[in-house]
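Breakdown of the fold
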Amino acid sequence: MKSFVRYSELFGKTFRQPPKDESSRNAQLLEQAGFISKLMAGVYTYLPLGLRVLNAVKDVIRREMDALGAQEFYMPALQPKEIWEKTGRWKDLSDIMYQFPDHSGRQVGLAATHEEVITHIVKQRITSYKDLPLALYQIQDKFRDEPRAKSGLIRGREFSMKDLYSFHADEKDLDSFYNRVAASYLSIFSRLGLQALMIEAAGGSFTKRFSDEFQVISDAGEDRIIYCPSCHFAQNSEIAEQKAGGPCPKCHGSLSEKKGIEVGNIFKLGTKFSDSIGATFTASDGSTHPLIMASYGIGPGRLVGTIVEVSNDAQGIIWPKSVTPFQIHLVQLSKGLEEKKKTERLVHDCLNAGLTILLDDRVASAGVKFKDADMVGITARMVISTSNENQLEVKIRNESASKKMNASQAIEFVKNYYAE
RNA sequence: CGGGGAGUAGCGCAGUGGUAGCGCACUCGCUUUGGGAGCGAGGGGUCGCAGGUUCAAAUCCUGUCUCCCCGACCA
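What you see is a predicted model, and the numbers here were worked out from it, not measured in a lab.

Each value, and the rule that gives it
Residues numbered from 1 in each chain as written. Chains lettered and ligands numbered in written order. Predicted model: local features only at pLDDT ≥ 70, side-chain atom pairs only at ≥ 80, totals over all residues. Heavy atoms only, no water. Domains from an automatic or database assignment. Contact = heavy atoms within 4.5 Å. Buried area = accessible area lost by both parts, 1.4 Å probe. Salt bridge = Lys/Arg side-chain N within 4 Å of Asp/Glu carboxyl O. Polar contact = N/O pair within 3.5 Å; in protein donor to acceptor, adjacent residues only side chain to side chain. Helix = DSSP H or I, 4+ residues; strand = E, 2+ residues; numbered from the N terminus. Nonpolar A, V, L, I, M, F, W, Y, C, P; charged D, E, K, R; others polar. Axes fitted to C-alpha atoms, helices over the stretch in contact; angles between N-to-C directions. Parallel < 35°, antiparallel > 145°, perpendicular 65-115°, else oblique. Left-handed = near helix turned anticlockwise from the far one by under 90°. pLDDT = per-residue confidence, 0-100. Buried < 20%, exposed > 50% of the residue type's maximum accessible area, 1.4 Å probe, protein only.

Right, let's get into the domain arrangement of chain A. According to the domain assignment, chain A contains domain 1 (9-313) and domain 2 (326-419). Facing the 9 residues of domain 1 at the interface are 7 residues of domain 2. Summed over both partners, the interface of domain 1 with domain 2 comes to about 790 Å²; 66% of that surface belongs to carbon and sulfur atoms. On inspection of domain 1 and its partner domain 2, the count reaches 1 salt bridge. Remark: the boundary between domain 1 and domain 2 carries 2 residue pairs in polar contact (both at pLDDT 80 or more). Elements supplying a minimum of two residues to the side of domain 1 that touches domain 2: α1 (25-32) and α2 (48-67). The residue inventory of the side of domain 1 that touches domain 2, partitioned by class, reads 4 nonpolar, 2 polar and 3 charged.

Let us now look at the packing of α2 against helix α6 (residues 171-191). Across the interface, α2 lies against α6 with an axial gap of 10 Å and an inter-helix angle of 155°. On the basis of the axis angle, α2 is roughly antiparallel to α6. Pair α2 / α6 crosses with right-handed handedness. Only Arg-180, Ser-184, Tyr-185, Ser-187, Ile-188 and Arg-191 of α6 make contact with α2, whose side of the interface consists of Val-60, Ile-61, Arg-63, Glu-64, Met-65 and Ala-67.

A word on the confidence of the model for chain A. On average, residues of chain A carry a pLDDT of 94, and 99% of them reach 70 or more. The ipTM assigned to the predicted complex is 0.95, against a pTM of 0.96.

A few words now on helix α8 (residues 300-310). Of all the 11 residues making up α8, 9 are buried; the element is thus mostly covered by neighbouring parts of the structure. Inspection of α8 places Pro-300, Gly-301, Leu-303, Val-304, Gly-305, Thr-306, Ile-307, Val-308 and Glu-309 among the buried residues, and these make up the whole buried set.

Now the structure itself:
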């Protein structure tokens, strides 16, 4: 990705007003600031700025997945009906899965999830306990014909998902990997500046067991969480036996109900899919067993929406430094030839320091540039102008005061800020 | 799928039967330049779509599509 972009050339500038046909905070801000563009309900284009954020979120996830020892791969979204019939989910998911005939009349579908295909592939290539455990993940778009897409990037019909699948020879191995993934998920959310709670929830069409959800408390959420403020005990209200106002089963504090955005969900699948697809392995004693499986999902697009939902102010978005589309929003207020040269030297020095820069080089008033910088929400802003001889102004988006310093101090300051 | 709201210029809006306008944005010129500058001159429209009523429809009638919100639903 380009590390230096001129705002004058950027596709996707700010709008003066928020779009009329969005009322969720995340969609309003992301559309107004030029990150996304709606094509239809629940389907959005990521404009250059939005794609940079989405990719940054994916990178945070990739680093954690790779650290778990999982291998990245990529499955098709277009899938034949037959494989879904083996598990009975062609019918079970027919309300939510896009299913249609191709030119020859053959029934195909767009993937709402990938358990069927992954199990099919693993069946072909895994035969021995020596190949286990195995963990594979992909980041790909999923398609769900939601009865009601809503809340901008929170509930879409086409949306990015990171799905990880693990395969084990026994339950004990599954449990230990599952716990590692759970810890890894908490680390991902924390790197993204989100406080996520891991809570018990229903298993849906995946498993009869409970699953574990990761919820970020927010009024924009659609799930109701029974939550204990003192010990952080939490359950999805769909399975909770306790009620708001009642005593917490762990610490006897008083339970409250909060809304949460589900940013991740992990399932112990057991042998549900390997049984129906016939994916088995040979154990050390020569006996044959179905693979024991789990699947783990995170929605990168939904995370972008969630971050905006919980991190903004009246002026616009406030990106956490881990996913800011650029590291520096450089506001150029002077336009003299000498000043432009100074700006170019500064850009050059920033690039040498490994920093990414969005330069607002437009012929526009200072007010417009400041408003837009706040709207776009890049973590660090630098101002270069004639009124401050040899001084730059550095301001962190979520702090109120700016600091004056010379160019090399400013670069050092910003570099250290991101390194922390 | 039930209830509510909304579709008019790129964005936000006004326009209750006489052939479409405002602000912002855009283009050109001049002046401005530290928190959404000023003046002047321009360009941009199948009024969501279809049918109907009428001499005449953005406006009235019928149907339909789309978007937002609440609910139902939610791998």
